[in-house]
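Tertiary structure, described
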Amino acid sequence: QKVARSESSQAKKSQHAEEAVFYMNCRAAYLTVLKSSLENIKSKEQLGLVLQQAGRNPSQKTVNKYWTSQTTTLNFDDFCTILKQEKTATKPELLEAFQKIDRENTGYILHDELYQILTTRGEKMTRDEVNTILKQADFNCSGKLDYSKFCDLYLTTSEQCCRAAREKLEVDSRLRQQQFGSQGETCSEGITLPVSKPSPRISRKTDHKLASAKGDSRTPSRPSSSHSCKGSVSTTITMGTSSHRNTKLIELDAVKEWQCAQSKGCFYLEDDGEIISHKYKLHLPQRSTVCVTIKPLNLRQVEGKSCHWLSVDTALYILKENETQENLQLVSFTEQQNKEMFGWKGELGSGVYWLLPFTTGCRLKKTKPQITGEAKLVYRGEDGELALTKEFRAALLDIFETIDLDGNGLLSLEEYNFFELRTSGEKCDEEAWAVCKENFDMRKNELTRQGFMDLNLMEANDCQGDPSDLWVTLLSLGYNKALEMTEACPFVIDIYAEKCKPRIKAVYLEAGGSQLSRAICKSVVNKGEAKMMDGSENIILYTYKAGRRITSVIENKSENKVIIHVNNEQSKNCLSNRGLTVFAVEVAPKSMMVSQHVMPLKEQEEWLYNCVHSLV
């Protein structure tokens, strides 16, 4: 069953990779004809040309289907949609079309017959166009066309068009950066985002789109210099070093005697740059003053191994549950800071609250691996039996520490299922858990550390020592091939209540979704500085600074979508979650969205945030 799950996971990962390649090819073709993906297709002829660069050979009928009498322009998203519908022809499909003419199935069509068909039927070709085809020696001989060879040449030429477009983009690395952005770039949070997905691994079974194709939350490429600026607003903030943070520090000494509840969790970085995490419900039996904190989980520190996750920023948004989960109300968020810990202290009434963890993505982002070798996971002892290496056992202990959410040293079925959902997309039911109980060390119906180790050793034995499935698990949990956790950040949440016993429970493992996006925007609007864009009273920029983070939110009050050009070129020692110094965002009508999050690149040095938002 584990093997089947692994194969399914690999297949879905491959499907996601194909989707990424599709959008890369779309951009490459688009930018062969147009200067920027923000520039629109302005004519029927331009549409035909861009489709040809994408390896399609559209008929006039096909072009007319998408460019009607009402069409004035088509944007990049429209182009991607067209390419999804207009698939490239396959050789069997092409052969089938020719075989309708070659009824005797000889593999050839006489030139005279082909000439008659091409000049009198369908979209009629001219004499010169037909002669150009018939003069090609590669597939013509003795007055006949070898249509199998013709199909091969047609498909090769189509692929060459796509390859040439990609190579054109790759030659100029600067242009490629402008158009594609950073691999670690995450989608910006906007109020109009769709509801979050049910689970992280299951979500990989659905169609993923790159950030550049996520509707109103997409991050288009850098605009062409030919675009005129209709209005702009500039923001400059000078921030001191991390040792002199201008923020209210939260003191825990005063709350140590209060009743406490704790839960661990983790941020995981998806292949498309999206970040998912656990989500929690907090139950308070009565009104009480509470203190809520979140910080990276301090796991063991091995000499020579980096602890990348300890520098990742964390935050927690507190939302009150009303009659419907779809309409949660923001109460507050953890803006007070004490070193790597962020917290909030205030009074909460009795009831149920949602706790939504958040990280900006400035530090937790995709990076190009620089690993030369691959860590060994298993070996065979002198007796020929498989065993886990010391390095792998150490990584498994860290994983156990992370997924043991309540910190009792044991894994409940519920805790184990979060692990299973992340690594395989499946859940372990009560019957399967009973089988585990018969074969692995458990206490009080919960899996021990040794039982967890033995479970992974069994998986290695099932694969005769092949570590492929073990690597699927490790990579999905944020580890690289050197067994370093680089694409995940475990954290710990503490809830202190003065007058009652709080209860916290992890309920989901998924992307932040619209509720978190709405909460972020609202917190910035409530506490940030508002500036109206010069020349456009309907565009308002909100900027909020807290500790080592600056967040900007764009509000579009107009009836039309707007494109905002964002320029950070004058900033110093800054790190944006966008991965670019210059980019553009599209904001839907009557909505707001996060423009960017910015943190210091080097925390021990002063940093200058100087950003210009312009309407184009």
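What you see is a predicted model, and the numbers here were worked out from it, not measured in a lab.

Rules of the game
Residues numbered from 1 in each chain as written. Predicted model: local features only at pLDDT ≥ 70, side-chain atom pairs only at ≥ 80, totals over all residues. Heavy atoms only, no water. Helix = DSSP H or I, 4+ residues; strand = E, 2+ residues; numbered from the N terminus. Contact = heavy atoms within 4.5 Å. Areas by Shrake-Rupley, 256 points an atom, 1.4 Å probe, with all protein chains shown as cover. Phe/Tyr/Trp six-rings, centres within 6.5 Å; stacked < 30°, edge-to-face > 60°. Buried < 20%, exposed > 50% of the residue type's maximum accessible area, 1.4 Å probe, protein only. Lys NZ or Arg CZ within 6 Å of the ring centre and 35° of its normal. Core = buried A, V, L, I, M, F, W, Y, C linked by side-chain atoms within 4.5 Å. Domains from an automatic or database assignment. Axes fitted to C-alpha atoms, helices over the stretch in contact; angles between N-to-C directions. Parallel < 35°, antiparallel > 145°, perpendicular 65-115°, else oblique. Left-handed = near helix turned anticlockwise from the far one by under 90°. Nonpolar A, V, L, I, M, F, W, Y, C, P; charged D, E, K, R; others polar. pLDDT = per-residue confidence, 0-100. Pairing = 2+ DSSP bridges. Salt bridge = Lys/Arg side-chain N within 4 Å of Asp/Glu carboxyl O. Lys, Arg positive; Asp, Glu negative; His and termini not counted. Disulfide = S-S within 2.5 Å. Arc of directions from axis to C-beta.

Helix and strand counts for the protein stand at 16 helices and 26 strands. Taking all contacts inside the protein whose residues are at least 6 apart in sequence as the whole, residues at least 24 apart take part in 74%. Counting only carbon and sulfur atoms, one obtains 47% of the accessible surface of the protein, whose full area is about 29,500 Å².

Turning our attention to the packing of aromatic side chains. A ring pair, where both rings are aromatic, is described by two values, the distance of the centres and the angle of the planes. For the structure on display, the rule yields 14 aromatic pairs. Judged by centre distance (5.2 Å) and plane angle (85 degrees), the rings of Tyr30 and Phe76 are edge-to-face. Residue Tyr30 is found in helix α1 (residues 2–33), and its partner Phe76 is found in helix α4 (residues 76–85); the two are separated by 46 residues along the sequence. Per residue, the accessibility class of Tyr30 equals that of Phe76, and both read buried. With centroids separated by 5.9 Å and ring planes inclined at 80 degrees, the aromatic side chains of Phe333 and Tyr544 adopt a geometry described as edge-to-face. Taken together, the positions of Phe333 in strand β9 (residues 329–333) and Tyr544 in strand β20 (residues 536–546) put the pair 211 residues apart, joining distant regions of the chain. Taking the relative accessible area as the measure of exposure, Tyr544 reaches 7% and is therefore buried. An aromatic cluster is present here, built from Phe400, Tyr416, Phe419, Trp433 and Phe452 joined pairwise through their rings. The ring of Tyr108 carries Lys144 above its face, with NZ or CZ at 4.6 Å from the centroid.

Looking now at the nonpolar core. One finds Ile399 and Phe452 to be the most contacted residues of the largest nonpolar core, which totals 71 residues. The two domains that each donate at least three residues to this core are domain 4 (256–367 + 494–514) and domain 5 (378–485). Setting aside its immediate chain neighbours within four residues, Ile399 contacts Phe419, Phe452, Leu474, Leu477 and Tyr479. Within the second largest apolar cluster, 21 residues are counted, among which are Leu580, Val585, Val598 and Leu615.

Two elements in contact, helix α11 (residues 390–403) and helix α14 (residues 449–462), have axes separated by 10 Å at closest approach and are oriented at 125 degrees. With respect to α14, the axis of α11 lies oblique. For the element pair α11 and α14, the recorded crossing hand is right-handed. The segment α11 lies against α14, with Arg393, Leu396, Leu397, Ile399, Phe400, Glu401 and Ile403 engaging Arg449, Gln450, Phe452, Met453 and Asn456. Residue composition of the contact of α11 with α14, by class: 7 nonpolar, 2 polar and 3 charged.

Moving on, we get to the packing of α14 against helix α15 (residues 468–476). For the pair α14 and α15, interaxial distance at closest approach is 8 Å and the crossing angle is 135 degrees. The pairing of α14 with α15 is recorded here as oblique in orientation. Listed contacts from α15 to Asn456, Glu459 and Ala460 of α14 are Asp469, Leu470 and Thr473. Its residues assigned to classes, the contact of α14 with α15 comprises 2 nonpolar, 2 polar and 2 charged.

Let us look at the confidence of the model for the protein. On average, residues of the protein score 82 in pLDDT, and 83% of them are at 70 or above. In this model residues 172–227 is a low-confidence stretch, pLDDT under 50, and it forms 161 contacts with partners more than four residues away in sequence or in other chains.

Right, let's talk about the sheet that holds strand β4 (residues 231–239) for a bit. Pairing in this open sheet of 4 strands is antiparallel, and the strands run β4-β26-β22-β24 from one edge to the other. Since the sheet does not close on itself, it has two edges, and those belong to β4 and β24 (582–587), each with one partner. When strand polarity is set aside, the average angle formed by the axes of neighbouring strands in this sheet is 20 degrees. When β4 meets strand β26 (residues 607–615), the two strands line up antiparallel, connected through 9 bridges. Bridged to Val233 within β26 is His613.

This paragraph deals with the pattern of salt bridges. Overall, the coordinates contain 18 salt bridges when judged by the stated rule. Put simply, Glu39 and Lys42 hold a salt bridge, and the shortest N to O gap is 3.5 Å. A salt bridge links Glu401 to Arg449; the shortest N-O distance between them is 3.6 Å. With Glu401 in helix α11 and Arg449 in helix α14, this residue pair connects regions lying 48 residues apart in the sequence. A relative accessible area of 28% places Glu401 in the partly exposed class. Owing to a relative accessible area of 36%, Arg449 belongs among the partly exposed residues under this scheme. One salt-bridge network, held together by shared partners, links Lys264, Glu401 and Arg449.

Before going further, it helps to examine the sheet that holds strand β2 (residues 140–141). An order of β1-β3-β2 is seen for the 3 strands of this open sheet, with the pairing classed as antiparallel. With partners counted over all chains shown, the strands left at the sheet margins are β1 (108–110) and β2, one partner each. In terms of strand pairing, β1 meets strand β3 (residues 144–146) through 3 bridges, oriented antiparallel. Paired with Ile109 across the two strands is Leu145, which belongs to β3.

Position of Asp146 relative to the elements: it lies in strand β3. No salt bridge forms around the buried Asp146; measuring N to O, its nearest opposite-charge neighbour Lys149 is 4.2 Å away. With near-sequence residues (within four places) excluded, Asp146 lies in contact with Gly107, Tyr108 and Phe139.

For the rest of this paragraph, the subject is the environment of Gln515. For Gln515, the position within the fold is in helix α16 (residues 513–527). The class for Gln515 is buried, based on a relative accessible area of 14%. Distance from Gln515 to Leu328, taken between C-alpha atoms, is 7.2 Å for residues 187 residues apart in sequence.

With that settled, the discussion passes to the state of the cysteines. In the structure shown here, the tally under the stated rule is 0 disulfides. Free of any disulfide, Cys80 has its nearest neighbouring cysteine sulfur in Cys26, separated by 3.9 Å.

Further remarks concern helix α2 (residues 44–53). Among the residues of α2, Leu47, Gly48, Val50 and Leu51 are the ones counted as buried. The buried side chains of α2 occupy one side of the element, clustering within an arc of 165 degrees when seen end-on. Within two residues after α2, Gly55 carries a phi angle of roughly 85 degrees, on the positive side.

Here is the key point about a regular strand: its side chains alternate between the two faces of the sheet. Inspection of the sheet shows strand β19 (residues 529–533) paired to β20 by 5 bridges, in the antiparallel sense. Pairing of Met533 across the sheet is with Ser536, part of β20. With antiparallel pairing between neighbouring strands as the criterion, β19 and β20 make up a hairpin whose turn holds 2 residues, including Gly535 at a positive phi of roughly 85 degrees.

Time to look at unusual backbone geometry. Residues apart from glycine generally show negative phi values, whereas peptide bonds are mostly found in trans. The phi torsion at Asn105 lies on the positive side, around 55 degrees, for a residue other than glycine. Turning to its location among the elements, Asn105 is positioned in the loop between α5 (91–99) and β1. Not every positive phi belongs to a glycine, and Lys339 is a case in point at roughly 60 degrees. By the element assignment, Lys339 lies in the loop between β10 (336–338) and β11 (341–348). Note on Lys339: relative accessible area 61%, which makes it exposed.

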